[in-house]
Amino acid sequence: MTQDKSLIKLLKHPKNIGIKVKSWRNSQLETILQIRELLETSDTIILEGPTGVGKSIIAAATILSNQDMSNGVILTSTKQLQEQYVHDVEDAVTIMGRNNFNCRIVSGLDCSYNPCSITTTANNDSGEENDGDGVEPCEYVKAKRKAIRARLAVLTYAYYLPEANFVGGFRNRTFQV
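Criteria and thresholds
- Residues numbered from 1 in each chain as written.
- Predicted model: local features only at pLDDT ≥ 70, side-chain atom pairs only at ≥ 80, totals over all residues.
- Heavy atoms only, no water.
- Pairing = 2+ DSSP bridges.
- Helix = DSSP H or I, 4+ residues; strand = E, 2+ residues; numbered from the N terminus.
- Contact = heavy atoms within 4.5 Å.
- Axes fitted to C-alpha atoms, helices over the stretch in contact; angles between N-to-C directions.
- Parallel < 35°, antiparallel > 145°, perpendicular 65-115°, else oblique.
- Left-handed = near helix turned anticlockwise from the far one by under 90°.
- Patch = residues over 30% accessible without salt bridge, like charges linked within 9 Å, V, L, I, M, F, W, Y side chains within 5 Å.
- Areas by Shrake-Rupley, 256 points an atom, 1.4 Å probe, with all protein chains shown as cover.
- Salt bridge = Lys/Arg side-chain N within 4 Å of Asp/Glu carboxyl O.
- Buried < 20%, exposed > 50% of the residue type's maximum accessible area, 1.4 Å probe, protein only.

**Quick look at the sheet that holds strand 1 (residues 72-76)**
Reasoning step 1: Strands sit in the order 2-3-1-4 across an open sheet of four strands; the sheet is parallel. Among the strands making up the open sheet, the edge pair consists of strand 2 (92-94) and strand 4 (175-176).
Reasoning step 2: Note that strand 1 and strand 4 share two bridges and pair parallel. Note that in strand 4 the partner of V73 across the bridge is Q176.
Reasoning step 3: Helix 6 (residues 157-167) rests against strand 1, strand 3 (152-156) and strand 4 of the sheet, and its axis sits at about 105° to strand 3.

Here it is as structure tokens:
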């Protein structure tokens, strides 16, 4: 396995790439380096391991240690695992479904019941606080835009699949886990 010395130095400590753990667990660093090498010749890598081996950290480190992966997405089955990523990885940004946000127009409703005209512009990635109409987007739209712009977005399968296939907000990610 031939690896660039600067990459080895970068990965010596997880904190160098924004991973909030004190040190790598057994074989995590070696696995990250192997995946990086395999990605040079393959589009698909399968990483399997028991609970607690650190697959989440390996996936995040693979994305964050590679400058060519400008916008990765990690898919999880639960909100709890999303929250774990945000806790363990500095650059991880998550977005949850509309029902996790209160509607600012109709008190007592969440955004899933009242998709206002503002939310139709959630895929606007201009970085602007509003869409030129002077109206500040709702919290859902702000959170979605932040996740779209993030280098590492962490989404549930339930959120990602309709977004990637129909809405388009998370298409064209350079790396998906």
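Here the narrative resumes.
**Brief notes about the packing of helix 3 (residues 55-64) against helix 4 (residues 79-88)**
Each pair of packed helices can be summarised by the angle the axes make with each other and by the distance between the axes.
Reasoning step 1: Viewed as axis vectors pointing N to C, helix 3 and helix 4 meet at an angle of 60°, and their least axial separation amounts to 11 Å. For the element pair helix 3 / helix 4, the angle class is oblique. Classified by chirality, the crossing of helix 4 by helix 3 is right-handed. Along its contact with helix 3, which presents S56, I57, A59 and A60, the element helix 4 presents L81, Q84, Y85 and D88.

**Concerning a nonpolar patch on the surface**
Reasoning step 1: Together, I105, V106, L109 and Y113 line one region of the surface with nonpolar side chains, adding up to about 380 Å² of accessible area.
Reasoning step 2: Secondary-structure assignment places Y113 in the loop between strand 2 and helix 5 (139-149).
Reasoning step 3: Y113 sits in the exposed class, given a relative accessible area of 61%.

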